[in-house]
Each structure stands twice: as C-alpha cells, then as structure tokens.
Amino acid sequence: MITSIRGFNDILPPETTLWQHIEGAAREVFKVYGFSEIRVPVMEKTELFAKGIGDTTDIVEKEMYTFSDRNNESVTLRPEGTASVVRAYIEHRLCNMPCAKLYYIGPMFRYERPQKGRYRQFHQIGAEVLGISDPMSDAETLDMLLAFFKKIGLDDIELQLNSLGCKNCRPVYREKLKQFLSEKKEQLCDNCQRRIDTNPLRVIDCKSRKCVEVTDDAPSILDYICNECKTHFEEVKGYLYLFGAGYSINPRMVRGLDYYTRTTFEITSDKLGSQNAVAAGGRYDGLVRELGGPDVSGFGFAIGMERLAMLLKEGSGSTSHEAGIFIVCIGKEAETEGIRILKELRERSLRAEIGYHDKGIKGQMKMADKLGARFTLILGDDEISKREITFKDMKTGVQEKVDIEGIAERVIDEIAQVKKV
Ligand code: ATP
Ligand code: MG
C-alpha cells in the first residue's frame, strides 16, 4: 500500500463540508470589509522567503521544503503566504491603488515535527492590507478577524496583543534581552542557548517549561519601544475599543517571522492544547521595501485551518450530510421514470442519488441507508403501471404510495419541512 507522506493529510468527507463552510464564511466576511481574493503560486524562488521571512528564523533555518528544479534553480514550497502576496503586489504594481486589501486560502508547507495541530502540509486563510500605516487599519483588520470567528460560531477565543517596536527601538531591546539571557545561558534549553545571539526574542516565546521559568523576569518589550511606536500602539488599542473588540496584552508574545514591526497578535484557544494559536499576524512596515517595492506599510494575519476545524468539530459533534433523496428503481421502465425525476430534483438543487439495477431492491435500499438518504422513492413496474411511487421517510420508517405527477414538488415540500426543524 502506498500511503501519504508523513505530515501530509487527506481531508475526507464529511469533514470537507466543514472546510467549505469555513472558507465560505471567510469569503463572506472579508468581502464586506472590502477585501478581494488573490491566488498566488505554491512555489516561489527560495530567495523570496530567505529575504522576506529572515535567515535566522526557524522557518528558513530548518523548516523549508527547498530543492533544485530541473534547471538547477533553487525553489521552495511556500511556508507562509505574506511573502508571495507582497511579491505579487510589487510585480503587478498593485501599489497604484490607494490601498490593497487581499486575502488568500491555500496550503502551506513546513518541515516540522508532526503532532496534534502541527503538520507538514497545512492550510491557511490569510489577509493582507498593503499601503496603510494608520492604526485604525490594524484595529479594523482585527475586527474583521473576530467577525469571522463570530460568524462561524467560535466565541471561546482570546485576542492577545503586543507591540514589537520598529527598526529604531527593537535593537535596543534586543541588546538588553541578550544581556539578560547571557547571564542565564546555562539554564536555557539547547535551542535557546543558540538563539541568544541569532534570535533572542524567540527565546521568551519558547514553550519549554524551564525556559519559561528562567525568562519570567526578562525585560518587557513594552518598556523599550520608542514614542512613535508607543503612540501607534495606544491608538490601536483605542480603535479596538471603538470597533468593540476585546483583547489582552501579552508582552511575551513574539512572532516567528522577522518582518513584523509594531502590532503583533495571536488568537488563542485553551481547547487546542500546546499548539494553542489558531490565528496570528501583525504589522510589517519594512517588508515591501525589503522585497524591492515602494516604502509602504503592511498588516496581515493567517488563520490555521486544521486547528480551526479541530475547534469547530469539538463544539458541534460530527458534520452531517444535507438531507437527501434516493431513488430505487426496479426494471427498465422504472429506470426511465427514475432518471427523469432524478434530473428534475438535481436541477432544483436537491441532493439526489439513484440505485444501480445490478444490486436489486434489497441492495438499493441498503445503499440508500448507507448514504444517509432522508427520503427514498421506490419505483417498480407495479408502481409505474399505476403511475405511482412509494415514498419512504427513512427516519420514521413510514411509507406511502403517492402520485407520480408532481412528485418533485412533494419532495421539495418534505425537504423544506425537514430543514425547518
Ligand atoms: P506556532 O507558534 O503554532 O508554530 P507560527 O508562529 O509558526 O505558529 P504563523 O506562521 O504565524 O504561526 O501561522 C499562523 C497560523 O497557522 C498559526 O497560528 C497556526 O494556527 C497555523 N500553523 C502554523 N504552522 C502550522 C503547522 N505546522 N501545522 C498546522 N497549522 C499551523
Ligand atoms: Mg511555527
């Protein structure tokens, strides 16, 4: 048996219905906030991510699917969406618009250790606002994210907010933190000992219990950000209030990507276990320029779809099929009539399936049951000669003979009744 690659999952029905529901809700909510969809490739030149995400980040250091194509060009399966969206924004001169509000949905690839909530191919719904530095935009985009969670009925989540300062004030904090960490070096985990020099901010985000303890009294970034960043942060909080969005401040929250400046955030749920972030993002004011574009601001987020699906499944039990109809046919004449009714029901957007004659009536009834049909229409030669159909409610088991004319209307009525309760 050939199996799928470790960390790469199949998403099977009926769970795919849940995924469609999530995607549909995102499209609906994002549209009213003025966002349009962008579809970017799943593979890019490696340099885009090396430059965009940062050489010393975990992603670029050890998680990318990078290989040479047949022309010996180094290519990488995208580990995240922002770099590609920014590349497209620059390449197609979308900067000529007053601002670009874009969203994407699709798979990302990271060579991580697979575990609950962490896979090697996973999916994100992301959104980016390019060209606006106003703190109102941070709050508005966060409000959109929260509106999305509300729409899909997830209310048990928390918005954690922080500011990472800018290229002027963060280096000062970085040095201060480096000093603090150097003194405690021996007590940190191996990975963090190495990070002290390359990426010290990531140390205070380490999940190992020892590192959390050791860094408990580490200096806080919020005491070091410059006045401009402070004002921006205060304004974001003020606008969040105006938009009616609740949050908590978490000065220990740093992000795994280098490009973030000022506002950063995570949406967390304590129902997720140790992989507790279901969405994350922030402001990235230097990235567009870093990638060769104009000096414009950016703000964005990405939602982890696997983790979101996990949360929704927990809340609602299993996803069920739409109420459907199954047509059982015995004999050639019945088939002719059955196919006619089948087509009519489908044209009216009802889920309708038909039995195959080689299974016989017993086999077809079994199939109807297994497929979860709510109603079964049974057509045999006897029925056909009387212009009748046996109409069976699979849930109650009640069946009756009804007139073949107007059967579509009858079924539509019954399905509407079922949907009402
Ligand atoms: P984490 O701290 O959980 O590793 P991250 O900081 O790497 O997250 P981002 O790159 O900001 O996460 O991605 C945004 C969201 O995408 C995360 O909050 C999470 O829900 C999801 N995500 C990230 N990596 C994975 C993965 N390997 N498998 C499944 N979902 C993921
Ligand atoms: Mg990660």
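It should be emphasised that the depicted structure is a prediction, and the values quoted were computed from it without experimental measurement.

Points about the overall build of the protein chain
So, step 1. The helix and strand tally for the protein chain stands at 16 helices and 16 strands.
So, step 2. Against the globule reference of 22 Å for 421 residues, the protein chain gives a C-alpha radius of gyration of 28 Å, more extended than a compact globule.
So, step 3. Projected onto its principal axes, the C-alpha positions of the protein chain cover 90 × 50 × 45 Å.
So, step 4. Element-wise, carbon and sulfur atoms account for 49% of the exposed surface of the protein chain, whose accessible area totals about 21,400 Å².

Digging into the environment of Arg410
So, step 1. Mapped onto the elements of the fold, Arg410 is located in helix α16 (residues 407-420).
So, step 2. For Arg410, a relative accessible area of 25% puts it in the partly exposed group.
So, step 3. Separated by 188 residues in sequence, Arg410 and Leu222 place their C-alpha atoms 66 Å apart.
So, step 4. Looking at Arg410, its side chain comes within polar contact range of the side chain of Glu400, at 2.7 Å.

Details of the sheet that holds strand β4 (residues 74-77)
So, step 1. If you trace the three strands from one edge of the open sheet to the other, you get β2-β4-β3, paired in antiparallel fashion. Lying at the two open borders of the sheet, with one neighbouring strand each, are β2 (43-45) and β3 (65-68). With direction set aside, neighbouring strand axes in the sheet form an average angle of 30°.
So, step 2. Two elements, β3 and β4, share four bridges in a ladder whose sense is antiparallel. Residue pairing for β4: Tyr65 is matched across the bridge by Leu77.
So, step 3. Across the face of the sheet, helix α2 (residues 46-53) comes into contact with β2, β3 and β4 while running at roughly 80° to β2.

Overview of the side chain of Asp393
So, step 1. Tracing the chain through its elements places Asp393 in strand β15 (residues 388-393).
So, step 2. Side-chain polar atoms of Asp393 contact the backbone nitrogen of Lys395, separated by 2.9 Å.
So, step 3. Within the local environment of Asp393, its side chain forms a polar contact with the backbone nitrogen of Thr396, the two atoms lying 3.3 Å apart.
So, step 4. Discounting chain neighbours no more than four positions away, the residues touching Asp393 are Arg374, Phe375 and Val398.

Concerning the domain arrangement of the protein chain
So, step 1. Each assigned domain of the protein chain is listed here: domain 1 (15-169 + 225-313) and domain 2 (324-420).
So, step 2. The distance between the C-alpha centroids of domain 1 and domain 2 comes to 48 Å.

Brief notes about the site of ligand 1
So, step 1. Of all residues adjacent to ligand 1, which total 16 residues, the nearest are Arg110, Glu112, Arg118, Arg255 and Ala277.
So, step 2. The side chain of Arg118 places a nitrogen or oxygen atom 2.9 Å from an oxygen atom of ligand 1.
So, step 3. At 3.0 Å, a side-chain N or O of Arg307 approaches an oxygen atom of ligand 1.
So, step 4. For ligand 1, whose free accessible area comes to 580 Å², the fraction covered by protein is 92%.
So, step 5. Looking at the shell around ligand 1, the elements that each hand over two or more residues are β6 (121-130), β10 (277-283) and β11 (298-304).

Each value, and the rule that gives it
- For every chain, the first residue of its written sequence is number 1, and the numbers climb from 1 along that sequence.
- Lettering for chains starts from A, numbering for ligands starts from 1, and both go in the order in which the items are written.
- Owing to the predicted nature of the model, reporting of local features is limited to residues with pLDDT of at least 70; listing and counting of side-chain atom pairs is limited to 80 or more, with chain, interface and lining totals taken over all residues.
- Values reported for side chains reflect all heavy atoms of the structure, with hydrogen atoms and water molecules removed beforehand.
- Comment: elements are numbered from the N terminus, with helices defined as DSSP H or I runs of at least four residues and strands as E runs of at least two.
- Only the C-alpha atoms count toward the radius of gyration. The rule for a globule is 2.2 Å times the residue count to the power 0.38.
- Residue burial considers only the protein chains on display, and all accessible areas are found by Shrake-Rupley using a 1.4 Å probe.
- Each residue is placed in one exposure class: buried if its accessible area under a 1.4 Å probe, protein chains only, is under 20% of its type's maximum, exposed if it is over 50%, and partly exposed if it falls in between.
- Between N or O atoms, a polar contact is any pair within 3.5 Å; within protein, one atom must be a potential hydrogen donor and the other a potential acceptor, and residues adjacent in sequence are included only when both atoms are from side chains.
- A pair of strands is labelled paired if DSSP reports no fewer than 2 bridges between them.
- Helix axes are fitted to C-alpha atoms over the stretch in contact, other axes to C-alpha atoms as well, and angles between N-to-C directions run from 0 to 180 degrees.
- Should any heavy atoms of two residues lie within 4.5 Å, those residues are counted as being in contact.
- The split of the chain into domains comes from an automatic or database domain assignment.
- A molecule or strand has a residue near it when one of that residue's heavy atoms lies within 4 Å.

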